[in-house]
Amino acid sequence: MSVLIIEAFYGGSHKQLVDLLQEALENCVLYTLPAKKWHWRARTSALYFSQHIPMSKHYRILFASSVLNLTELVALRPDLGKLKKILYFHENQLVYPVKKCQERDFQYGYNQILSCLVADVVVFNSVFNMESFLTNIGKFMKLIPDHRPKDLESIIRPKCQVIYFPIRFPDVSRFMPKHKTRHLQKMLSLKGNDTEASTLVLPFQREQGSPENVLKNFDAEARPCDAAQQENLGSSVMQESSLKTYNASNNSSSYHGESERNPRDSLSGGDDQPRPLHIVWPHRWEHDKDPESFFKVLMHLKDLGLNFHVSVLGETFTDVPDIFSESKKALGSSVLHWGYLPSKDDYFHVLCMADVVISTAKHEFFGVAMLEAVYCGCYPLCPKDLVYPEIFPAEYLYSTPEQLSKRLRNFCKRPDIIRKHLYKGEMTAFSWAALHGKFRSLLTTEPREDL
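Everything quoted here is computed from the prediction, not taken from an experiment.

### Describing the overall build of the protein chain
Argument step 1. A tally of regular secondary structure across the protein chain gives 19 helices and 13 strands.
Argument step 2. The buried share of the protein chain, taken over its 451 residues, is 54%.
Argument step 3. Taking the intrachain contacts of the protein chain between residues at least 6 apart in sequence as the baseline, contacts between residues at least 24 apart amount to 80%.
Argument step 4. Total accessible area on the protein chain is roughly 20,100 Å²; 51% of this is exposed by carbon and sulfur atoms.

### Some details on the nonpolar core
Argument step 1. Counting 91 residues, the largest nonpolar core has F392 and L408 as the members making the most contacts within it.
Argument step 2. Counting residues per element, this core draws most heavily on helix α15 (residues 368–375), which supplies seven residues.
Argument step 3. Within the second largest apolar cluster, 40 residues are counted, among which are A8, A42, L73 and L87.

### Focus: the side chain of S126
Argument step 1. One can find S126 in the loop between β5 (121–124) and α6 (127–134).
Argument step 2. Among the polar contacts made by the side chain of S126, one reaches the main-chain amide nitrogen of N129 at a distance of 3.0 Å.
Argument step 3. If we skip the residues at most four places from it in the chain, S126 touches V162, Y164, F365, V387 and E390.

### Quick notes on the sheet that holds strand β2 (residues 28–34)
Argument step 1. Taken together, the six strands give an open sheet; going across it, the order is β2-β1-β3-β4-β5-β6, and neighbouring strands pair in parallel fashion. Each edge of the sheet is formed by a strand with only one pairing partner; in this case those strands are β2 and β6 (160–162). Recorded for the sheet is a direction-independent mean angle of 20° between the axes of neighbouring strands.
Argument step 2. Of the pairings in the sheet, the one linking strand β1 (residues 3–10) to strand β3 (residues 61–65) comprises four bridges and is parallel in character. Bridging across to β3, V3 finds its partner in I61.
Argument step 3. Packing of helix α1 (residues 12–24) onto the sheet brings it into contact with β1, β2, β3 and β4 (84–89), and relative to β1 it is tilted by some 160°.
Argument step 4. Across the sheet, helix α19 (residues 432–442) is in contact with β3, β4, β5 and β6; its angle to β4 comes to roughly 145°.

### Considering the confidence of the model for the protein chain
Argument step 1. Overall, the predicted model of the protein chain reaches an average pLDDT of 83, with 78% of residues at or above 70.
Argument step 2. Across residues 193–256, where pLDDT falls below 50, the model places 231 contacts with residues more than four positions away in sequence or in other chains.

### Observations regarding the packing of helix α12 (residues 291–303) against helix α13 (residues 323–331)
Argument step 1. Where α12 contacts α13, the axes come no closer than 11 Å and their chain directions differ by 10°. Comparing their axes, α13 and α12 come out roughly parallel. The two elements α12 and α13 meet at a crossing, and its hand is left-handed. Listed contacts from α13 to P291, E292, F295, L298, M299 and K302 of α12 are I323, F324, S327, A330 and L331.
Argument step 2. Here the contact of α12 with α13 is composed, by residue class, of eight nonpolar, one polar and two charged.

### So, the environment of K15
Argument step 1. When you line up the elements, K15 lands in helix α1.
Argument step 2. Classification of K15 as partly exposed rests on a relative accessible area of 34%.
Argument step 3. Side chain to side chain, K15 and D19 meet in a polar contact 2.8 Å long.

### Brief notes about the packing of aromatic side chains
Argument step 1. Summed over all chains, the structure comprises 29 aromatic pairs.
Argument step 2. Their ring planes at 25° and their centres at 5.6 Å tell us that W281 and F294 sit as a pair that is stacked. Here F294 lies in helix α12 and W281 lies in strand β8 (residues 277–281), a separation of 13 residues in the sequence. Neither W281 nor F294 differs from the other in exposure class; each is buried.
Argument step 3. A relative accessible area of 0% means that W281 is categorised as buried.
Argument step 4. Members of the aromatic cluster, joined through ring pairs, are W281, W285, F294, F295, F324 and W338.

### Focus on the pattern of salt bridges
Argument step 1. Enumeration according to the criterion identifies 15 salt bridges in this entry.
Argument step 2. Ionic pairing is found between R168 and E23, a salt bridge with its closest N-O pair at 3.0 Å. With R168 in the loop between β6 and α9 (181–191) and E23 in helix α1, the pair connects residues that are 145 residues apart, well separated along the chain.
Argument step 3. Overall, the relative accessible area of 44% leaves R168 in the partly exposed class.
Argument step 4. Put simply, K85 and D120 hold a salt bridge, and the shortest N to O gap is 3.3 Å. Of the two residues, K85 sits in strand β4 while D120 sits in the loop between α5 (106–118) and β5, which places them 35 residues apart along the sequence.
Argument step 5. Judged by its relative accessible area of 6%, K85 is buried.

Cut-offs and rules
- Residues numbered from 1 in each chain as written.
- Predicted model: local features only at pLDDT ≥ 70, side-chain atom pairs only at ≥ 80, totals over all residues.
- Heavy atoms only, no water.
- Helix = DSSP H or I, 4+ residues; strand = E, 2+ residues; numbered from the N terminus.
- Buried < 20%, exposed > 50% of the residue type's maximum accessible area, 1.4 Å probe, protein only.
- Contact = heavy atoms within 4.5 Å.
- Areas by Shrake-Rupley, 256 points an atom, 1.4 Å probe, with all protein chains shown as cover.
- Core = buried A, V, L, I, M, F, W, Y, C linked by side-chain atoms within 4.5 Å.
- Polar contact = N/O pair within 3.5 Å; in protein donor to acceptor, adjacent residues only side chain to side chain.
- Pairing = 2+ DSSP bridges.
- Axes fitted to C-alpha atoms, helices over the stretch in contact; angles between N-to-C directions.
- pLDDT = per-residue confidence, 0-100.
- Parallel < 35°, antiparallel > 145°, perpendicular 65-115°, else oblique.
- Left-handed = near helix turned anticlockwise from the far one by under 90°.
- Nonpolar A, V, L, I, M, F, W, Y, C, P; charged D, E, K, R; others polar.
- Phe/Tyr/Trp six-rings, centres within 6.5 Å; stacked < 30°, edge-to-face > 60°.
- Salt bridge = Lys/Arg side-chain N within 4 Å of Asp/Glu carboxyl O.

Given below as structure tokens:
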């Protein structure tokens, strides 16, 4: 077992990545802690792992996410300090949003800087993540009252590279409604594409000029905007049966997935009566995803008398913002599904049945949920900020809540047109099929003489 993988927060995208790596690599071992109490994992996991990872002369590489305080671990375990140490950033604490400025704990960002100094290779999941970290080191260190260290960015930057988070796109053909046939054909090519990521034209290298306007007449009223929404409505017997089976076997709580109505009643519709627009919001129920802005837009649509359905998915943690329970009650019959779906099949089923996926995030360094929704045929609407301009073409970005609201107003009036849209962006660059070679190269090294 030459590769030692450590994940101090084994959940969500952190879990997805290390599970993929463990499956792909022949000689590796994985040590984890549950995805709970993030702040305590960042503070104390190094000591825990130092005591629970056995000594081994076979280790050559150490791979860990930036939740781990790598500096503490190698100080406590000098044998691990001799390995090739790779640090992977899913997010960085230098620009992570907090409710109030004084709430930012200096130690989290400081620990990440220290970890970079002891790592041999530092990998980020996006260019935005890397640059927002590196360019803010100097400003961040000015919080130290005196005797500040210098030139840290110039020391760390040569170690840094970007390897996008690898998504293993599943086979969702059994969930796809008929109107998404063309989209499905395009997406299926991702599963068998073994092209190295280095040969691809990455999204941030694309021209952001004006693409061909597929929604020519429709978009005459609305300019490009930013917001992402994931989930698609479908009416096949298989789709209805799957959701019925799930709901029958699950005593739904508002935090573990709750279907608000019979899918047959709300997902099927004749050609003479188009189904209402189905909006999906698949993000963590936390303040940095800005659910307040999302629900404010939805309530405005409702006040205008527009017809739509909404599915609010995503994981919940200890403190759920009050806006969720308040909005569920206010939205009433517009709610189609509410809460986290533990089953990946059920989750992708809902995405395939949705029309539009929305992001109102104040923090996003990559956005797995948005890309999964686009893969399932959702039209994304995302802020023209954060990582989104790096991943999505300009027509899917919005600058203000007013732009998002105007775009959704038009979509609600003509959902049939949005269902004809074929996504214009790049997806291959984010697929495991394209990226596994880069990760394999990263996790191989020649034995060192001092081991």
